[in-house]
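Structural description and commentary
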Amino acid sequence: MSQVHAPTQIEKILAGVAQASVLLVKDLSFDHTIQDLVQIMGQAADADRCYIFKNSSNHGKHYMNQQAEWTAEGISIQLHNPKLQEVPYDIYPGLYDTLMSGHGLAGWVADSPEPFKSLMEEQDIKSYLFLPISVQGDLWGFIGYDACYYPRSWQEYERDALQTMANAFGFFIENQSLKSELLASNKRYRLAISGAKDGIWELDLQKNQSFLSDLWFETFGYQPTDADWTYDFWLGLVHPDDRKRVHQSFADFLQHGQGTNDMEFRFLHGQGHYVWVQSRAAAEWAPDGTPLRMAGSDSDITSRKIHEQILAENEQQYRNLVNNLREVVFEADAEGRFTFLNKSWELLTGFTVEESLGQTGVDYLLPSELELIPHIRAEIDRNPNEYHTYEVQYRHK
């Protein structure tokens, strides 16, 4: 039977990094995520207090503002302490520049300068570790870890592991911002649609003659006198990679004989660059099914598409960060089936992520390990909010 052993400090930190990585992948609110994060990382680091500060600026001066906090049992709560809002960075000379350069700062309060020293002593802090949180190259804030009973010196490998999570949280903040911008963009787009501010067009399919509104020409940078504006001319302005798909979509729509057509494609702007267009169309058919005319609206959705692309790239960056962790990061449903695994799983077991999703961790244990499972489940049920470390043997493919 496998033996349970007490985890080392670095094992606890790496387990916390793995758990927090799964948290940041979930679609939770910012407030929920940040509060869960400080609890996970504070417990994993064996800190007495863990917190996150966000920066603000006013007239060229930089300030720090506490956003979330977790405290160990018996440690005073400082989350609503007004002295921890709008705290000037120059309370500790050089602190802002150090964090801005991407480096952390650790020290003993007794050796720190005033008035920073007094502020920390009021919170019963003996030593501290601050790690920068950066978003798109700018210092967003920092995550801090306090020791309140005895001064603590942080090992370099501990700081490196904790900085990995600070970096991951920076990616999370960036993605949240992009999602908010995209949501706002979509709301503006729907408002524009409801206000009939799109470029309107109509095509007489029998005569191959078209009408384009003034707003259509203004939006896409053309003049009515630039061409005859037949369907073939318009189709020639569609991006070559989208042209066949767009033409086929119209053809299928007209042959179908009902409904509306809605598609997105790239279109050559009059100034020589391509923009993204969302085109919606309806049509009129003769009793025998012959299409007579088609009308619709075109909208420039380039801004929305750019936000979507940036968001996808940042999510991929975060996935890459998780996949580069040496520890296996996984998420399971209530039945214990894997819903997420990083690439370290493949290195550990030889099984691919794809074939393992939907399976349970128990499916990959050696038969001799199965007798440990009831013990593990019972202990987790008794203490669901604590970390549990076990040694088990997985079978290798």
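Keep in mind that this is a model prediction, so the values were computed, not measured.

1. Re the pattern of salt bridges
Within the structure shown, the criterion is met by 19 salt bridges. Among the salt bridges present, the one from Glu158 reaches Arg152, with a minimum N-O distance of 3.8 Å. Under the relative-accessibility criterion, Glu158 is labelled buried at 5%. With relative accessibility at 18%, the residue Arg152 sits in the buried group. Ionic pairing is found between Glu264 and Arg304, a salt bridge with its closest N-O pair at 2.5 Å. Here Glu264, found in strand E9 (residues 260-268), pairs with Arg304, found in helix H9 (residues 302-323); they are 40 residues apart in sequence, far enough to count as distant. The class for Glu264 is partly exposed, based on a relative accessible area of 25%. Several salt bridges converge on common partners, so that one network encompasses Glu264, Arg304, Lys305 and Glu308.

2. Description of a nonpolar patch on the surface
A surface patch of nonpolar side chains, about 230 Å² in accessible area, is lined by Leu348, Val392 and Tyr394. With respect to the helices, strands and loops of the structure, Tyr394 is situated in the segment after helix H12 (373-382). The class of Tyr394 is partly exposed, set by a relative accessible area of 32%.

3. A closer look at the sheet that holds strand E7 (residues 199-204)
Taking strand neighbours across the sheet as the criterion, the five strands line up as E8-E7-E11-E10-E9 in an open arrangement whose pairing is antiparallel. Of all strands in the sheet, those bounded by a partner on one side alone are strand E8 (209-212) and E9. Along the sheet, successive strands turn relative to each other by an average axial angle of 25°, direction set aside. Pairing between strand E10 (residues 274-285) and strand E11 (residues 291-300): nine bridges, direction antiparallel. Considered in E11, the bridge of Ala283 is made with Met294. On the sheet, helix H8 (residues 240-256) packs against E9, E10 and E11 and is oriented at approximately 160° with respect to E9.

How each quantity is defined
Residues numbered from 1 in each chain as written. Predicted model: local features only at pLDDT ≥ 70, side-chain atom pairs only at ≥ 80, totals over all residues. Heavy atoms only, no water. Salt bridge = Lys/Arg side-chain N within 4 Å of Asp/Glu carboxyl O. Buried < 20%, exposed > 50% of the residue type's maximum accessible area, 1.4 Å probe, protein only. Helix = DSSP H or I, 4+ residues; strand = E, 2+ residues; numbered from the N terminus. Patch = residues over 30% accessible without salt bridge, like charges linked within 9 Å, V, L, I, M, F, W, Y side chains within 5 Å. Areas by Shrake-Rupley, 256 points an atom, 1.4 Å probe, with all protein chains shown as cover. Pairing = 2+ DSSP bridges. Axes fitted to C-alpha atoms, helices over the stretch in contact; angles between N-to-C directions. Contact = heavy atoms within 4.5 Å.

Read these as spatial facts, not as claims about activity.
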